[in-house]
Amino acid sequence: GAVVSQHPSWVICKSGTSVKIECRSLDFQATTMFWYRQFPKQSLMLMATSNEGSKATYEQGVEKDKFLINHASLTLSTLTVTSAHPEDSSFYICSAPRTVRSSYNEQFFGPGTRLTVL
Amino acid sequence: AQTVTQSQPEMSVQEAETVTLSCTYDTSESDYYLFWYKQPPSRQMILVIRQEAYKQQNATENRFSVNFQKAAKSFSLKISDSQLGDAAMYFCAYRSSLYGNKLVFGAGTILRVKS
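Residues numbered from 1 in each chain as written. Chains lettered and ligands numbered in written order. Predicted model: local features only at pLDDT ≥ 70, side-chain atom pairs only at ≥ 80, totals over all residues. Heavy atoms only, no water.

**Student:** Please explain the overall build of chain B as it appears in this structure.
**Tutor:** When you go through chain B residue by residue, the secondary structure sums to zero helices and 12 strands. Each helix (α) and strand (β) of chain B, taken in turn from the N terminus, gives the series β-β-β-β-β-β-β-β-β-β-β-β. Compactness check: chain B gives a C-alpha radius of gyration of 14 Å against a globular reference of 13 Å for 115 residues, within 12% of the reference. Taken over the C-alpha atoms alone, chain B extends approximately 45 × 25 × 20 Å along its principal axes. Going through the 115 residues of chain B one by one, you find that 49% of them count as buried. In chain B, 55% of the contacts between residues at least 6 apart in sequence involve partners at least 24 apart. (Helix = DSSP H or I, 4+ residues; strand = E, 2+ residues; numbered from the N terminus. Rg over C-alpha atoms; globule rule 2.2 N^0.38 Å. Buried < 20%, exposed > 50% of the residue type's maximum accessible area, 1.4 Å probe, protein only. Contact = heavy atoms within 4.5 Å.)

This is the structure:
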C-alpha cells in the first residue's frame, strides 16, 4: 500500500529554536498534503493544507508565521515550527491523499513526529 | 461547517464480545464519505472502514461493520469477536465529496479490550 513517512519521529529542542519536520509520500505523488496536531488522548486538529507550488492554506487560529509550510515537490512537504516554545510540544501528523480508483482519493497518514520543547 | 460527534470518550469490551462505537455528524451536503480510523498506541492512523453516502448498503470489513443511517446522520461502528489488538483510539471522520480531501474528525473513543 501507499506509504507516507515523517522525519524525524521524535525531536527535543530548546525554547527559541526552530524545528523542521518532513513529510514524504514514498510511492506516489501528492499535490496536497495535510498537517495535523494532536495532544494526548485528543483528536487530530487540522493545522493547514500544504499545496505543491503554492502557499499553504491555514486553518483559523493557526499562526502561519509560527508554523511555516513548504511543499517544494510532489513528494515532500515540510513543517517548520519557528521559535518553538514549550506550548508547541505536541504530536504532529501529516497525511497525503492518493487516488485509489477513479474519482476517489484515500488519505495515507505518516507515523507522526513527537516534538518536545524544553 | 461539518461537525462530527463521538459521545463515548471510553468504551470497554470483553475479548470475543461485540462492541458498538457511536458517531453522529452534521452536514448539509448529500454526497460525502464517512470513515472510521483506528489509532493504536503506536499512534499510526489506520483506516478501518469507509462508507460512501450514496450507498445504502452498510460497509463491512471482516469483523468490522457499520450501521449507516443517512437520515439520522448516524454512523456507528460494530466490532465483532473483539480481540486484544483492537484496543486503540477510534476516530469517526467525515469528508466532503465536493470540497477536496479534508477530513473532519470526531473527538475519538478509547476502546479497551479485557481478557
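**Student:** What am I meant to see in the interface of chain B and chain A here?
**Tutor:** A common way to express how large an interface is: the accessible area buried when the components associate. Taken together, the contact pairs 20 residues of chain B with 25 residues of chain A. Carbon and sulfur atoms make up 48% of the area that chain B and chain A hide from each other, which totals about 1,900 Å². Of all residues in chain B, Arg43(B), Asn101(B) and Lys102(B) bury the most surface against chain A, accounting for 33% of the area lost on that side. Counting every contact that joins chain B to chain A gives two salt bridges. Between Arg50(B) and Glu106(A) there is a salt bridge, and its shortest N-O distance comes to 2.1 Å. Applying the counting rule to chain B against chain A returns nine residue pairs in polar contact (both at pLDDT 80 or more). Contributing elements (two or more residues each) for the side of chain B that touches chain A: β5 (32-39), β6 (46-52), β10 (88-96) and β11 (103-105) of chain B. (Buried area = accessible area lost by both parts, 1.4 Å probe. Salt bridge = Lys/Arg side-chain N within 4 Å of Asp/Glu carboxyl O. Polar contact = N/O pair within 3.5 Å; in protein donor to acceptor, adjacent residues only side chain to side chain.)

**Student:** Looking at this structure, how should I read the environment of Thr75(A)?
**Tutor:** All names here are of chain A. Secondary-structure assignment places Thr75 in the loop between β7 (67-73) and β8 (76-81). Given a relative accessible area of 28%, Thr75 falls into the partly exposed group. Thr75 has contacts with Cys23, Arg24, Ser25, Phe28, Gln29 and Met33, leaving out every residue within four places of it along the chain.

**Student:** Where do I start with the packing of aromatic side chains in this structure?
**Tutor:** Two numbers describe a pair of aromatic rings. These are the distance of the centres and the angle of the planes. Throughout the structure, instances matching the rule amount to 15 aromatic pairs over all chains. On the numbers, 5.8 Å between centres and 80 degrees between planes, the contact of Tyr36(A) with Phe105(B) is edge-to-face. Linking Tyr36(A) in strand β4 (residues 32-38) with Phe105(B) in strand β11, this pair reaches from one chain into another. Here Tyr36(A) falls in the buried class, since its relative accessible area comes to 0%. When the ring of Phe68(B) is compared with that of Phe75(B), the centres are 6.3 Å apart and the planes differ by 80 degrees; the resulting orientation is edge-to-face. Classification of Phe75(B) as buried rests on a relative accessible area of 0%. Geometry around Phe91(A) places Arg43(B) over its ring, the cationic atom sitting 4.1 Å from the centre. (Phe/Tyr/Trp six-rings, centres within 6.5 Å; stacked < 30°, edge-to-face > 60°. Lys NZ or Arg CZ within 6 Å of the ring centre and 35° of its normal.)

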